[in-house]
Amino acid sequence: MIRLRRLASVLTTPLAPEDILALFNPVFSARQLRGVVTRVVQETAQSATIYFHPGRGWQAHLAGQWARIGVELDGVRHWRSYSLSAPAGTDPAITVTDVGAVSGALVRTTRPGDVLFLAPPQGNFILPEHPRSLLMLTAGSGITPVMSMIRTLVPRRPDADVVLIHSARTPQDSIFREELAELADQFPNFRVNQWFTGEQGRLDFSSTVELERICPDWAERAAYACGPEGFLDDAEALWAAALESGAIGSDVALRDDPGSLMIERFTTSLAGGAGHDGGLVTFESSDREVEADGDTPLLDVGEDAGVLMPSGCRMGICHSCLTPLLAGHVRDLRTGEVHGEPGQLIQTCVSAAAGPVNLEI
Ligand SMILES: Cc1cc2nc3c(=O)[nH]c(=O)nc-3n(C[C@H](O)[C@H](O)[C@H](O)COP(=O)(O)OP(=O)(O)OC[C@H]3O[C@@H](n4cnc5c(N)ncnc54)[C@H](O)[C@@H]3O)c2cc1C
Ligand code: FES
């Protein structure tokens, strides 16, 4: 086999055999996982679902997991993370809301046959191992991982007791609204409460009154939440207070989340550098130098300077952006803490310059 490969290499130089195969099969690559887009469905004015068939090396996703997706814009590959909205056991799909350059390109320009660059699925925001009654709290594009869980669980286990409270601005903005209504019609143990902030105002998590009205046994359920930062912070505070007061029994707490509320965040607050000075950042291998302020992530500083920066979640969870620090100190933008030892691997997406910094990249 190895001899055959070597022979093939000689015959195809300077292209590697993988590159030749990729000409015929766009999802074939021994070096970079890829997927070919099979279908694009417009969900709302701002969002679309992109179904794709992954090539060799993809691991089947668990309901609720996410993957890094690479998209080429003007010849530069950008990586972003997207929850996989398709049920487990099927080809994956992502449902993207247009909020910026990469998401905008995905929603507006993706067509069947396009190739996406992929990294394997990951994440712990997944269904509990043992059957439990569930409460799902979602807002806006935060419905995506929960939709995968619902599509996986509800049709296969019609006895599963699931309540979904989903918040969107208007009915037209509510992603998957019709499919959710159909599932709720078909499976009586699955209940959906659509909350429209345009008519009803924000869901009030300052007390348990609203939750109790919609889902009286909310405190006995394993809860999952995904949505904008404020929505998740409020839910987290409500659960923490309920746990403290004994409204949620500790036996209800999920094994890996003492608050009994599992949270998936798409964005995180990076305010730890506000008011601090930055410094001159040197990207050694790329031979670039740029003056940076104290609250801009080094990932953005590098990208703006044209450096090819590795990245993924852009919020400190996936470690795809780890880059060796050669000299200087950086500030963790989540906590404000300053650190830095020569040779230390730093997460450029959540670190800013705290004085002059030399990075190996
Ligand atoms: C684990 C994980 C799962 C994710 N799953 C999804 C998903 O299923 N669907 C999806 O559309 N996005 C998802 N995201 C967000 C996605 O990775 C990108 O951040 C988003 O598409 C914006 O990228 P951009 O380059 O278009 O805009 P950028 O220029 O990078 O960002 C523009 C601004 O939008 C904010 N933002 C990011 N995501 C959202 C959002 N969903 N709604 C409102 N504002 C946002 C960013 O904080 C930033 O301030 C997920 C992120 C993570 C970390
Ligand atoms: S890009 Fe995920 S941790 Fe930095």
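The structure contained in this document is the topic of the report that follows. The structure displayed is predicted, hence computed values, not measured ones.

## What to know about helix α4 (residues 143-153)
Inference 1: Extensive coverage of α4 is indicated by the burial of 11 of its 11 residues.
Inference 2: Regarding α4, the residues found buried are I143, T144, P145, V146, M147, S148, M149, I150, R151, T152 and L153.

## Describing the pattern of salt bridges
Inference 1: Throughout the structure, instances matching the rule amount to 14 salt bridges.
Inference 2: Here D173 and R169 are joined by a salt bridge, their closest N and O atoms 3.2 Å apart.
Inference 3: Put simply, R314 and D300 hold a salt bridge, and the shortest N to O gap is 3.1 Å. Pair noted here: R314 is in the loop between α9 (298-304) and β14 (322-332) and D300 is in helix α9, with a separation of 14 residues, a long-range link.
Inference 4: Overlapping salt bridges bring together D161, D217 and R221 as one network.

## Considering the sheet that holds strand β4 (residues 76-83)
Inference 1: An order of β4-β3-β6-β1-β2-β5 is seen for the 6 strands of this open sheet, with the pairing classed as antiparallel. Edge positions in the sheet fall to β4 and β5 (93-97), since each has one partner strand and no second. Direction aside, the axes of adjacent strands within the sheet are offset by 40° on average.

## Notes on a negative patch on the surface
Inference 1: A cluster of like negative charges, contributed by E284, D287, E289 and E360, occupies part of the molecular surface.
Inference 2: Summarising the element assignment, E360 is placed in the segment after β17 (351-359).

## Side note on the site of ligand 1
Inference 1: Lining the immediate environment of ligand 1, one finds 21 residues, of which R80, S81, Y82, S103 and T144 sit closest.
Inference 2: Between ligand 1 and G100, the relevant distance is 3.4 Å, taken from an oxygen atom to a main-chain nitrogen or oxygen of the residue.
Inference 3: In this structure, a nitrogen atom belonging to ligand 1 sits 2.8 Å away from a side-chain N or O atom of S141.
Inference 4: If ligand 1 stood free it would expose 890 Å²; the protein chains cover 74% of that surface.
Inference 5: One can see that ligand 1 is located within the largest pocket.
Inference 6: Where the shell around ligand 1 is concerned, the elements lending two or more residues are β4, β5, α3 (101-109) and β11 (261-265).
Inference 7: Considering each element in turn, the shell around ligand 1 owes the most residues, 4 residues, to β4.
Inference 8: Taken together, the residues that form the shell around ligand 1 break down as 9 nonpolar, 9 polar and 3 charged.

## Observations concerning the layout of surface pockets
Inference 1: In this structure, the largest pocket encloses a volume near 1,000 Å³.
Inference 2: Considering the residues around the largest pocket, the lining is formed by 41 residues, among which V99, S141, R265, F266 and T267 are closest to the centre.
Inference 3: Counting only elements with at least two residues in the lining of the largest pocket, the list comes to β4, β5, α3, β8 (162-168), α8 (229-245) and β11.
Inference 4: Looking at the lining of the largest pocket residue by residue, the class counts come to 17 nonpolar, 17 polar and 7 charged.

Reading the values: the criteria
- Residues numbered from 1 in each chain as written.
- Chains lettered and ligands numbered in written order.
- Predicted model: local features only at pLDDT ≥ 70, side-chain atom pairs only at ≥ 80, totals over all residues.
- Heavy atoms only, no water.
- Buried < 20%, exposed > 50% of the residue type's maximum accessible area, 1.4 Å probe, protein only.
- Helix = DSSP H or I, 4+ residues; strand = E, 2+ residues; numbered from the N terminus.
- Salt bridge = Lys/Arg side-chain N within 4 Å of Asp/Glu carboxyl O.
- Pairing = 2+ DSSP bridges.
- Axes fitted to C-alpha atoms, helices over the stretch in contact; angles between N-to-C directions.
- Patch = residues over 30% accessible without salt bridge, like charges linked within 9 Å, V, L, I, M, F, W, Y side chains within 5 Å.
- Areas by Shrake-Rupley, 256 points an atom, 1.4 Å probe, with all protein chains shown as cover.
- Lys, Arg positive; Asp, Glu negative; His and termini not counted.
- Charge placed at Lys NZ, Arg CZ, Asp CG, Glu CD.
- Near = heavy atom within 4 Å.
- Polar contact = N/O pair within 3.5 Å; in protein donor to acceptor, adjacent residues only side chain to side chain.
- 1 Å grid on protein atoms, 1.4 Å probe; cavity = no way out; pocket = protein on both sides within 12 Å on 5 of 7 lines; lining within 4 Å.
- Sits in = over half its atoms within 2 Å of the grid points.
- Nonpolar A, V, L, I, M, F, W, Y, C, P; charged D, E, K, R; others polar.
- Points joined across faces, edges and corners; volume = space filled by probe spheres on them.

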